[in-house]
Amino acid sequence: MDIFEIESGGPLSGTVAISGSKNSALPILAAGILADGPSRIRNVPDLADIGHLAALMGDLGVPAVRQENGEMLVEVKDESNSHAAYDRVRKMRASICVLGPLLAKRRVAKVSMPGGCAIGSRPVDLHLRGLEALGATIELDGGDIIARADKLRGAEIFLGGPFGSTVLGTANVMCAATLAAGRTVIESAACEPEITDLAEYLNAMGAKVSHAGTPRIEIEGVKSLHGADHTVIPDRIEAGTFMIAGAITCGRVVLKNVRLDHLMGVVAMLRRIGVHVDRKGDAVVVWAEGAATPIDITTQPYPGFPTDLQAQMMSLLALAEGNSAIVEKIFPDRFMHVAELSRMGANIRKEGSVAIVTGVKELVGAPVMASDLRASAALVTAGLVARGQTTIRRVYHIDRGYEQIEVKLRALGAKIERRQE
Ligand code: EPZ
């Protein structure tokens, strides 16, 4: 297994190009299952999670083949197997995003229950309730979800749950509704930019989706969908991660291929803690001169501060001049990074879904363990400024969601090497 060795270096400086969004590319690739004919999806990041989904789609008779230039060709070749087996799904729980497309196109879908992960139990009850509202029958058998529907019919669906909206639940129901008879309204839909991006691809395929990006999405069912070309939006979480990396090192980082309008909740918080964020042509410049001002942050559905940047922000606030409170409202257990940051000298007290971060003068490099994708990113950002060497094990977690993060960071002046353990 690979490890990262990070030496504390000076301020990051230079330009980084942000890759396509993992969380947009996944449901978009899965939606290719709905099409009669090929689709060309551009700006797909080369990540382990994308590879896992492409392998699953191959099992389902819909090969998603990467081309040299970052594009993926997706085409339905064989609809005889509609079983997304546990062995595939267990490697990436977002595989659940094939459920809605399979059900709508093939009238049957058998998808392994994704199970939990390091950040929480990851239920899919809202997905299933939404598909049942469209007329599907849902059974659970041997850990598999078996969904059937001779004919899906449009419906008015409330998709809100105890933690607000569901991103992949909205994606699944929206995909299924494109081929249902009649009109569907999804109330309390996820407003994330990844949902808007998916809707744009679906409409390019001939679907009739309106008001995506708002809490109330409307879909007029159509008879069939054809393939389409689509370019995936930039990854707002990767962009936010590099903004925080620039800030924690008191550096100056220029980000290219970034949609600042997708990051207003993050930019608002960064500016409040003293980080400068400015547009420069079609790029964004982020710089900071000193320690962050402490702040209280609550993670929320979009456009609020995203849970996927909570860990990274915690590493920045670990060096703030005072106490910060981080309230995790989306995944209350998403604090695996707290123990590892504490090993590096951070002073963090966890009380349920709240972490009290007392700023310290410095972090000290140590051997630490990555546990999940964004916790790993938090450890990397901390390692950039910790005194001495930080070694991070189980780097495969970070490869799931960041394209060659060490290469991009080295280009900004970071001292980070990937080694075989
Ligand atoms: C997506 O996961 C993202 N993943 C996650 O990013 C992100 O953290 C999450 O949205 C929230 O923004 C992808 O897009 C591939 P949810 P998703 O359904 O859709 C509860 C990363 O690091 N819930 O919006 O699975 C759930 O437990 C990943 O890139 C139910 O109760 O998340 C959570 O508390 C991690 N019932 C909340 O809703 C359901 O049926 C939000 O989950 C579904 C969800």
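Residues numbered from 1 in each chain as written. Predicted model: local features only at pLDDT ≥ 70, side-chain atom pairs only at ≥ 80, totals over all residues. Heavy atoms only, no water.

An account of the pairing of strand β8 (residues 108-112) is needed here, citing residue identities and associated values.
In terms of strand pairing, strand β7 (residues 83-84) meets β8 through 2 bridges, oriented parallel. Note that in β8 the partner of A84 across the bridge is V111. Bridge count for β8 against strand β10 (residues 144-148) is 5 bridges, and the pairing is antiparallel. Residue pairing in the sheet places K110 in a bridge with I146 of β10. (Pairing = 2+ DSSP bridges. Helix = DSSP H or I, 4+ residues; strand = E, 2+ residues; numbered from the N terminus.)

Describe in detail the nonpolar core, supporting the description with residues and values.
Grouped together as the largest cluster of nonpolar side chains are 75 residues, with contacts concentrated most on V98, M174 and L202. The element best represented in this core is helix α6 (residues 167-178), accounting for 7 residues. Setting aside residues no more than four positions away along its own chain, V98 makes contact with A30, I33, L53, L56, L60, A84, V111 and N172. Among the nonpolar cores identified, the runner-up in size contains 70 residues, and V266, V267, I348 and V368 belong to it. (Core = buried A, V, L, I, M, F, W, Y, C linked by side-chain atoms within 4.5 Å. Buried < 20%, exposed > 50% of the residue type's maximum accessible area, 1.4 Å probe, protein only. Contact = heavy atoms within 4.5 Å.)

Lay out unusual backbone geometry in plain terms, naming residues and giving numbers.
Here Y302 and P303 are connected by a cis peptide whose omega angle stands at 10 degrees. Looking at where P303 falls in the secondary structure, it is placed in the loop between β20 (296-298) and α10 (310-317). Of note, R122 is a non-glycine position whose phi angle comes to about 60 degrees, a positive value. Topologically, R122 is positioned in the loop between β8 and α5 (125-133). A positive phi angle is found at R394, which is not glycine, with a value near 60 degrees. Within the element layout of this structure, R394 appears in the loop between β25 (389-393) and α13 (396-399).

Any chance you could break down the environment of S224 for me, citing the residues and the numbers?
On the secondary structure map, S224 appears in the loop between β14 (216-220) and β15 (225-226). Note: C-alpha distance between S224 and M205 (19 residues apart in sequence) is 8.8 Å. If near-sequence neighbours (up to four positions away) are discounted, S224 is found in contact with D36 and L179.

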